[in-house]
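In case you want the letters, here they are:
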Amino acid sequence: MSDLDKLFEAARAVREKAYAPYSNFLVGAALRTPDGSVFTGCNVENASYPVSVCAEGGAVGAMVAAGYRDIAEAVVIGDAALCTPCGMCRQRLKEFGTDDLIVHVADLNGIRRSFTMDELLPAAFELDYKSNNRKD
Ligand SMILES: [Zn+2]
């Protein structure tokens, strides 16, 4: 099984744990760091809708909590034709994306399309935090 296949399977597995009683739209995300570590997240909805957290947000939180700061590859999976990350999550991924970050968008059967971060979020807002203030 390739690294991408493993990332897809991790995203598909965590999607099953999503808490989405309001939308019934389950989403999973899996992130791979440059050293091969994988972190996952699923969407967690709330009766107060804006309190909900996207799958990507959960995965980024888990990655950062484990001490990592770089995403090399990501898979986002939903039961839709093209479950691309929402605008906020594009910004979340950009914050920690390596220059080579590829975001794969999948449905339950497999990867449907792959995007560079620049394709998902051209002319992104970013401070030059990584090169100036980063503590690794
Ligand atoms: Zn989102």
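Residues numbered from 1 in each chain as written. Predicted model: local features only at pLDDT ≥ 70, side-chain atom pairs only at ≥ 80, totals over all residues. Heavy atoms only, no water.

Named according to an unreviewed UniProt entry, the protein is Cytidine deaminase originating from Roseibium marinum. Turning to the protein, the UniProt record has this under Sequence similarities (unreviewed entry): "Belongs to the cytidine and deoxycytidylate deaminase family." (UniProt positions renumbered as here; feature names shortened; annotations may be inferred.)

On to the overall build of the protein, then. When you go through the protein residue by residue, the secondary structure sums to five helices and five strands. Beginning at the N terminus, the succession of helices and strands in the protein can be written as α-β-β-α-β-α-β-β-α-α. Taking 136 residues into account, the globule formula puts the C-alpha radius of gyration at 14 Å, and the protein, at 14 Å, falls close to it. Principal axes of the C-alpha set define a box for the protein whose edges measure 40 × 40 × 30 Å. Each of the 136 residues in the protein was classed as buried or not, and the buried ones make up 39%. (Helix = DSSP H or I, 4+ residues; strand = E, 2+ residues; numbered from the N terminus. Rg over C-alpha atoms; globule rule 2.2 N^0.38 Å. Buried < 20%, exposed > 50% of the residue type's maximum accessible area, 1.4 Å probe, protein only.)

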